[in-house]
Amino acid sequence: MTTQGTEIGHVLRSVARLTKNWPGRAIGPHGAARLLNSAGPLPPILWFFNAEQEPLNFHAALSPEQPFVALRSLNLIMKPTPERDDVGAEMARQMAEALTDLLPEEIALVGGNCQGAPYAFHCAKRLLELGHTIKSVAAIDTIPDCAIPVPALLNFGAEAPERNPFLSDFSVTHERVAKLFPAYRKASLPCGHGKYFKPENIPYLIANIESVIGTRIRAEELQ
């Protein structure tokens, strides 16, 4: 047994069941992650998604030259509790340890949307400890309370202002974020919460990611 009595292997098996129809090659413990565009020459992107359609749409928006690893949060697996936060963090660290030999030294970005974002930051932190370099971490509609020595891209949906703490108290939020990351960039998405991966909104997320990693990663049809 691990974090507060929850067995991580059981959690990963649950994740694998929910990702079995996702695109890409199953990798990692119990096949709980998916590798796509593996032949692409660019540094990979890792992203923690919440639902099946999100990686499908993200994959369609990316150039085949952009490898990425699709991971999943614990949405629908555990109820929102502090225990889920701890289990998700441990899951993310174990996933980093399992994937490190499959990943190149340089990683373009590790990110996640909503509840997946904290897992992304814990995964990125462990990858750094394992010797990888990471250009940026990214979150949508949240600011993970996980200090990491990597610049952060903080995306917020324009139609969900209640999820953007910069709007309610910029100075306090700026001070908190400045203690977490060496640099950060705020970016907007023209949509409400949970709609970031709809086809009409993905070009904005792709553009935000490109702005921090300095590489063009979009599919031809988005140009």
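Residues numbered from 1 in each chain as written. Predicted model: local features only at pLDDT ≥ 70, side-chain atom pairs only at ≥ 80, totals over all residues. Heavy atoms only, no water.

## What to know about the overall build of the protein chain
- Per the secondary structure count, the protein chain includes seven helices and eight strands.
- A compact globule built from 223 residues would reach a C-alpha radius of gyration of about 17 Å, and the protein chain, at 16 Å, matches this within 12%.
- Counting only contacts in the protein chain whose residues sit at least 6 apart along the sequence, the fraction spanning at least 24 positions is 66%.
- Carbon and sulfur atoms make up 51% of the accessible area of the protein chain, which amounts to about 9800 Å² in all.
- The average position of the 21 basic charges and that of the 23 acidic charges among the side chains of the protein chain differ by 3 Å. (Helix = DSSP H or I, 4+ residues; strand = E, 2+ residues; numbered from the N terminus. Rg over C-alpha atoms; globule rule 2.2 N^0.38 Å. Contact = heavy atoms within 4.5 Å. Areas by Shrake-Rupley, 256 points an atom, 1.4 Å probe, with all protein chains shown as cover. Lys, Arg positive; Asp, Glu negative; His and termini not counted. Charge placed at Lys NZ, Arg CZ, Asp CG, Glu CD.)

## Side note on helix α3 (residues 82–99)
- Over its 18 residues, α3 runs 26 Å from end to end, which matches the ideal 26 Å to within 8%, given 1.5 Å per residue.
- The elements touched by buried residues of α3 are α1 (8–18), β1 (25–27), β2 (33–36), β3 (45–49), β4 (68–72) and α4 (116–129). (Expected span 1.5 Å × (residues − 1).)

## Description of the pairing of β2
- Judged by which residues are buried, β2 turns out to be covered on both faces: Ala33 and Leu35 on one side and Arg34 and Leu36 on the other are all buried.
- As judged from the three bridges shared by β1 and β2, these two strands associate in the antiparallel manner. Bridge pairing links Ala26 to Arg34 in β2.
- Once β1 ends, the chain turns through five residues before running back antiparallel as β2, passing Gly28 with a positive phi of about 80°.
- Pairing analysis gives three bridges linking β2 to β4, with the strands arranged antiparallel. Looking at the pairing, Leu36 lines up with Phe68 of β4. (Buried < 20%, exposed > 50% of the residue type's maximum accessible area, 1.4 Å probe, protein only. Pairing = 2+ DSSP bridges.)

## Section: the layout of surface pockets
- Of the volumes computed, that of the largest pocket is approximately 160 Å³.
- Arg84, Asp85, Asp86, Ala89, Cys114, Gln115, Pro118, Tyr119 and His122 together form the lining of the largest pocket.
- Elements with a minimum of two residues in the lining of the largest pocket: α3 and α4.
- Tallying contributions element by element places α3 first for the lining of the largest pocket, with four residues.
- Class assignment of the residues belonging to the lining of the largest pocket gives a composition of four nonpolar, two polar and three charged. (1 Å grid on protein atoms, 1.4 Å probe; cavity = no way out; pocket = protein on both sides within 12 Å on 5 of 7 lines; lining within 4 Å. Points joined across faces, edges and corners; volume = space filled by probe spheres on them. Nonpolar A, V, L, I, M, F, W, Y, C, P; charged D, E, K, R; others polar.)

## Some words on the side chain of Gln115
- By the element assignment, Gln115 lies in the loop between β5 (106–113) and α4.
- Among the polar contacts listed, one links the side chain of Gln115 to the backbone nitrogen of Asn75, at a separation of 3.1 Å.
- Separated by 3.4 Å, the side chains of Gln115 and Arg84 make a polar contact.
- With sequence-adjacent residues up to four places away left out, Gln115 is seen in contact with Asn50, Ser73, Leu74, Asn75 and Arg84. (Polar contact = N/O pair within 3.5 Å; in protein donor to acceptor, adjacent residues only side chain to side chain.)

## Considering the packing of α1 against α3
- Across the interface, α1 lies against α3 with an axial gap of 10 Å and an inter-helix angle of 80°. Here α1 is positioned roughly perpendicular relative to α3, judged by the angle of their axes. Contact residues: α1 offers Ile8, Val11, Leu12 and Val15, while α3 offers Val87, Glu90, Met91, Gln94 and Met95.
- Of the residues that constitute the contact of α1 with α3, the class distribution is seven nonpolar, one polar and one charged. (Axes fitted to C-alpha atoms, helices over the stretch in contact; angles between N-to-C directions. Parallel < 35°, antiparallel > 145°, perpendicular 65-115°, else oblique.)

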